[in-house]
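Coordinate analysis (summary)
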Amino acid sequence: MRPNGLGIFPDVTAIHDFLHSTGFVVARNFAILLAVVFWLALAFWVYKDARRRIADPFLVFVATLLGLAPPYIGPVVYLLFRPAETLDERRSRQVELKALEEQLKRARPTCPTCIAPVEPDYLACPVCATTLRQPCASCNAPLEPLWQVCPYCTAPIEPSQVDLDAALTAEAHSIAPVDDAIRLMPRRHFAGR
Ligand SMILES: [Zn+2]
Ligand SMILES: [Zn+2]
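Quick notes on the rules
Residues numbered from 1 in each chain as written. Chains lettered and ligands numbered in written order. Predicted model: local features only at pLDDT ≥ 70, side-chain atom pairs only at ≥ 80, totals over all residues. Heavy atoms only, no water. Helix = DSSP H or I, 4+ residues; strand = E, 2+ residues; numbered from the N terminus. Buried < 20%, exposed > 50% of the residue type's maximum accessible area, 1.4 Å probe, protein only. Core = buried A, V, L, I, M, F, W, Y, C linked by side-chain atoms within 4.5 Å. Contact = heavy atoms within 4.5 Å. Donors = N, O, S within 2.8 Å, 3.2 Å for Na, K, Ca; no water. Tetrahedral: all angles 85-135°; square planar, octahedral: opposite > 155°, others 65-115°. Axes fitted to C-alpha atoms, helices over the stretch in contact; angles between N-to-C directions. Parallel < 35°, antiparallel > 145°, perpendicular 65-115°, else oblique. Left-handed = near helix turned anticlockwise from the far one by under 90°. Nonpolar A, V, L, I, M, F, W, Y, C, P; charged D, E, K, R; others polar.

**So, unusual backbone geometry**
Following A69, the chain continues to P70 via a peptide bond in cis, the omega torsion being -5 degrees. With respect to the helices, strands and loops of the structure, P70 is situated in the loop between α3 (57-68) and α4 (73-81). Phi is positive for Y72, close to 70 degrees, though the residue is something other than glycine. Residue position: Y72 is located in the loop between α3 and α4. Even without being a glycine, A129 presents a positive backbone phi close to 65 degrees. Looking at A129, the relative accessible area reads 59%, which means it is exposed.

**Considerations on the nonpolar core**
Core analysis: the largest hydrophobic core is formed by 6 residues, namely V46, A50, I54, V60, A63 and Y78. Those elements that place two or more of their residues in this core are α2 (22-53) and α3. Apart from the residues lying within four places of it in its own chain, the contact partners of V46 are A63, T64, G67, P75 and Y78. Counting residues in hydrophobic clusters, the runner-up holds 5 residues, among them C111, A116, C125 and L132.

**Quick word on the coordination of the zinc ion (ligand 1)**
Bound to the zinc ion (ligand 1) are the protein donor atoms C111 (SG), C114 (SG), C125 (SG) and C128 (SG), situated 2.2 to 2.3 Å from the metal. Of note is the zinc ion (ligand 1), whose 4 donor atoms meet at the metal with angles of 107 to 113 degrees in an arrangement that counts as tetrahedral. Summarised as a motif, the one-chain spacing of the donors to the zinc ion (ligand 1) is C-x2-C-x10-C-x2-C. In this pair, C114 is assigned in the loop between α5 (87-107) and β1 (134-135) and C125 in the loop between α5 and β1, connecting sequence segments 11 residues apart. For C114, a relative accessible area of 31% puts it in the partly exposed group.

**Digging into the coordination of the zinc ion (ligand 2)**
Taken together, the protein ligands of the zinc ion (ligand 2) are C136 (SG), C139 (SG), C150 (SG) and C153 (SG), with distances of 2.2 to 2.3 Å. Taken together, the 4 donor atoms coordinating the zinc ion (ligand 2) span angles of 107 to 112 degrees at the metal, a pattern that classifies the geometry as tetrahedral. Residue classification places C136 among the buried positions, given a relative accessible area of 3%.

**Overview of the packing of α2 against α4**
For the pair α2 and α4, the least separation of the axes is 9 Å and the interaxial angle reads 20 degrees. Considered as vectors, α2 and α4 are oriented roughly parallel to each other. The two elements α2 and α4 cross, and the hand of that crossing is left-handed. Facing L42, W45, V46, D49, A50 and R53 of α2, the residues of α4 in contact are P75, Y78 and L79. Broken down by class, the residue content of the contact of α2 with α4 amounts to 7 nonpolar, no polar and 2 charged.

See below:
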């Protein structure tokens, strides 16, 4: 089917007519509008994202400018160079770190009498003078209460004063079951006589 039989010229006229038809103009304007809206939306997203990640207002302004120009490429460049962490993430990380430090501080040994912080190798509390550990008789190294031998010089450790008392009390009970209040004085008294 040939339209009017007038060759190519009517077709060119048809294209020209189409380009100036209301439908095409509306579609073109709509495409331009979409492109502009998308461009502004990307720039707005860059502004919002930069505010979440950058504290300095001037740098946020620079990032927003980059989001606007060059169009579409600026936001991609921003994506490549934006800070990896948001400000909230950094803040919560710092809070976590501080809590961890507090926990470590609390885990440090303290004096049982005055709760002053002490080091693991202190022999006595520097604040209230409570004896914390016995020194080794041979090399003066601080000893833990349960140690049987000095780990620094291999000298055998004498039982501590508390252990000696407990051992003596147990022995006294096994030999002669007497009342706790009078168990030692009468014996010394008898021995004196
Ligand atoms: Zn103390
Ligand atoms: Zn020792």
